[in-house]
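Notes for the structure review
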Amino acid sequence: NAGVMQNPRHLVRRRGQEARLRCSPMKGHSHVYWYRQLPEEGLKFMVYLQKENIIDESGMPKERFSAEFPKEGPSILRIQQVVRGDSAAYFCASSRLDDPTDTQYFGPGTRLTVL
Amino acid sequence: GQNIDQPTEMTATEGAIVQINCTYQTSGFNGLFWYQQHAGEAPTFLSYNVLDGLEEKGRFSSFLSRSKGYSYLLLKELQMKDSASYLCAVRAPYSGAGSYQLTFGKGTKLSVIP
């Protein structure tokens, strides 16, 4: 029973480039969440998606960041024109529609380094 | 607003018992979660509390007092592999946006020594 999959695990970009982070939820999970973790900081919520819908993007910066969860394929977190401050670990989590506790299960994360 | 506090670091001896506390002040409450995170790895779900009281799961137990805004994670018979960060997270009530986002504390780094 595969868990949440994220790729790449490590990503290096130069300032001004684009970063694309992918997340495949656990089988049977229809809810996807993205979180960012800065060094010595807690996980910060960014965005919550269901298939083809952004439900809550209140934690996502208004500029340069976007997310999608298409009908087919993984969820994508896209960061345009990256800056050094975007260097962080980005975690994806998923949950099941019919889980009364709505527990979120996390992937291994993508560690983004901006040079 | 949301504020979650937990100690930054703790050290305990192999075989002992350790209690990691978490206090929260949030604008609403709809459940508290504990996760374990080894360095460089994914947070792993440990426990969930939504009602007051103690939830036991093997060597791990979690307690909640909603009136005090307080929870603790109890680890018994500590093993070296328990050395990790322990994250306390609170879920806000269902919002109009339909979000079940979690608000996390900064985590408690537990070191288990021989």
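In what follows, the structure referred to is the one given above.
Rules and cut-offs
- Residues numbered from 1 in each chain as written.
- Chains lettered and ligands numbered in written order.
- Predicted model: local features only at pLDDT ≥ 70, side-chain atom pairs only at ≥ 80, totals over all residues.
- Heavy atoms only, no water.
- Salt bridge = Lys/Arg side-chain N within 4 Å of Asp/Glu carboxyl O.
- Buried < 20%, exposed > 50% of the residue type's maximum accessible area, 1.4 Å probe, protein only.
- Helix = DSSP H or I, 4+ residues; strand = E, 2+ residues; numbered from the N terminus.
- Pairing = 2+ DSSP bridges.
- Axes fitted to C-alpha atoms, helices over the stretch in contact; angles between N-to-C directions.

The next point concerns the pattern of salt bridges. In a structure, side chains of opposite charge can pair up when their charged atoms sit close to one another. Residue and element names in this part refer to chain A. All told, the structure shown has eight salt bridges over all chains when counted by the stated rule. A salt bridge links arginine 20 to glutamate 18, with the shortest nitrogen-to-oxygen separation between them at 2.9 Å. In this structure, the salt-bridge partner of arginine 96 is aspartate 98, at a minimum N-O distance of 2.7 Å. Its relative accessible area of 35% is what places arginine 96 among the partly exposed residues.

Turning to the pairing of strand β8 (residues 75–79) of chain A, a few remarks are in order. Residue and element names in this part refer to chain A. Counting buried positions along β8 yields four of five residues, so the element is predominantly enclosed. Across four bridges, strand β7 (residues 65–68) lies against β8 in antiparallel orientation. By the bridge assignment, alanine 67 is partnered in β8 with leucine 77.

What follows is about the sheet that holds strand β8 (residues 70–75) of chain B. Two pairing modes exist for strands in a sheet, parallel and antiparallel, and in both the strands are linked by backbone hydrogen bonds. Residues and elements named next belong to chain B. Reading across the sheet, the five strands line up as β1-β3-β8-β7-β6 and stay open at both edges, with antiparallel pairing between neighbours. Every other strand in the sheet has two partners, leaving β1 (2–5) and β6 (53–57) as the edge strands with one partner each. For this sheet, the mean inter-axis angle between neighbouring strands, taken without regard to orientation, is 15°. Looking at chain direction, strand β3 (residues 18–26) and β8 are connected through six bridges and run antiparallel. Bridge pairing in β8 links cysteine 22 to serine 71.

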